[in-house]
Amino acid sequence: MLSAITVRRVGILGRDNVLHDGIVLNHKKFTFDLLQEYVCLEVHSVVSPLELNQKLKVDVGDLLPNPEKYRILTPRLPHMIFSLHLLRYLKGTPDFGLFCSNSADFSLKAYSNSDWAACPDTRKSVSSLCIFLGDSLVGWKSKKQPVISLFSAEADYRVVSKVVAELV
């Protein structure tokens, strides 16, 4: 296992991220740089990353007048509003991160979920999975399924097959 000094030298962790039972990896500097780049350092933070059941569509909304400046975020107004809300959420959660345990537990656990017909543009389902080694999150993925599932059980079956493929 990496020592706290080695990890700090890389610049990922601060002094407060090394715990007695593991370490917490976060992107505090990256978040600060994003907030600074998009002039969001003085805005108030929010407690929720997005509105519940809000669906954004690819071609809905006015184009931004100067899309080159915001190309990294989005060229459309509704997506920009969402992106700025997300930046406000990140402002309030700089210390959130991934916990890496130093436990001797090497059991492999995987969890999956599918959101049937989640994409409002294509009606394709979204598969999500996460894989834990002991108490540590070692892999995760969320991706639109390549085909349209006719039933929610079919979407669930597809995501379970993806989890098995990731584990093998």
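Structural notes, computed from the coordinates. (Residues numbered from 1 in each chain as written. Predicted model: local features only at pLDDT ≥ 70, side-chain atom pairs only at ≥ 80, totals over all residues. Heavy atoms only, no water.)

**With respect to the overall build of the protein**
Rule in force here: Where helices and strands are cited, they refer to DSSP runs of H or I of at least four residues and of E of at least two residues respectively, numbered from the N terminus. Accessible area is worked out with a 1.4 Å probe on protein chains only. A residue is then buried under 20% of its type maximum, exposed over 50%, and partly exposed in between. Whether two residues touch is decided by their heavy atoms; if any such pair falls within 4.5 Å, the residues are in contact. Accessible areas in this description were obtained via Shrake-Rupley with a 1.4 Å probe; residue shielding takes into account the shown protein chains only.
When helices and strands are counted, the protein shows four helices and six strands. Ordered by position from N to C terminus, the α and β elements of the protein give α-β-β-α-α-β-β-β-β-α. Relative to its full complement of 168 residues, the protein shows a buried share of 24%. Taking all contacts inside the protein whose residues are at least 6 apart in sequence as the whole, residues at least 24 apart take part in 54%. Carbon together with sulfur atoms contributes 61% to the accessible area of the protein, which is approximately 11,800 Å² in total.

**Quick word on the pattern of salt bridges**
Here is the rule: Take a side-chain nitrogen of Lys or Arg and a carboxyl oxygen of Asp or Glu: if they are within 4 Å of each other, that pair is a salt bridge.
Applying the stated criterion to the full structure yields four salt bridges. The closest approach of N and O atoms between D95 and K28, which form a salt bridge, is 2.7 Å. Of this pair, D95 sits in the loop between α3 (77–91) and β3 (98–101) while K28 sits in helix α2 (residues 28–37), and the two are 67 residues apart along the sequence. Judged by its relative accessible area of 34%, K28 falls in the partly exposed class. Residues E166 and K141 are paired through a salt bridge, measuring 2.7 Å at the closest nitrogen-oxygen approach.

**Comments concerning α3**
Applicable threshold: Expected span of a helix: the number of residues minus one, times 1.5 Å.
Helix length check: α3 (15 residues) gives 21 Å between terminal C-alpha atoms against 21 Å at 1.5 Å per residue, within 8%. Among all positions in α3, only H79, M80, S83, H85, L87 and Y89 are buried. Structurally, α3 contributes buried residues whose contacts are with α2.

**Thoughts on the environment of T74**
Note on placement: T74 falls in the loop between α2 and α3. Residue classification places T74 among the buried positions, given a relative accessible area of 7%. Among all residues touching T74, those that are not within four sequence positions of it are L64, H79, M80 and S83.

**Describing the sheet that holds strand β5 (residues 126–133)**
As a general point, the strands of a sheet are linked pairwise by backbone hydrogen bonds and lie either parallel or antiparallel. The condition that has to hold: Only when DSSP finds a minimum of two bridges between them are two strands counted as paired. Note on geometry: axes are lines fitted to C-alpha atoms, helical ones only across the stretch in contact, with angles between N-to-C directions running from 0 to 180 degrees.
Within the open sheet, the three strands sit side by side as β4-β5-β6. Their pairing is antiparallel. The sheet is open, and its two edges are formed by β4 (108–115) and β6 (136–144), each paired on a single side. Geometrically, the sheet is characterised by an average inter-axis angle of 10° between neighbouring strands, direction not taken into account. Note that β5 and β6 share eight bridges and pair antiparallel. Paired with L129 across the two strands is K141, which belongs to β6. Taken strand by strand, helix α4 (residues 152–167) contacts β4, β5 and β6, and its axis lies near 150° from that of β4.

**Focus on α4**
Defined as follows: As used here, the arc is the angular range of directions from the helix axis to the C-beta atoms.
Along its 16 residues, α4 runs 23 Å from first to last C-alpha, staying within 8% of the 22 Å computed at 1.5 Å per residue. Along α4, the residues classified as buried are A155, V159 and V163. The buried residues of α4 occupy an angular sector of 80° when the element is viewed end-on, so they sit on one face. Turned more than 90 degrees from where α4 packs its buried face, A153, Y157 and A165 sit exposed.

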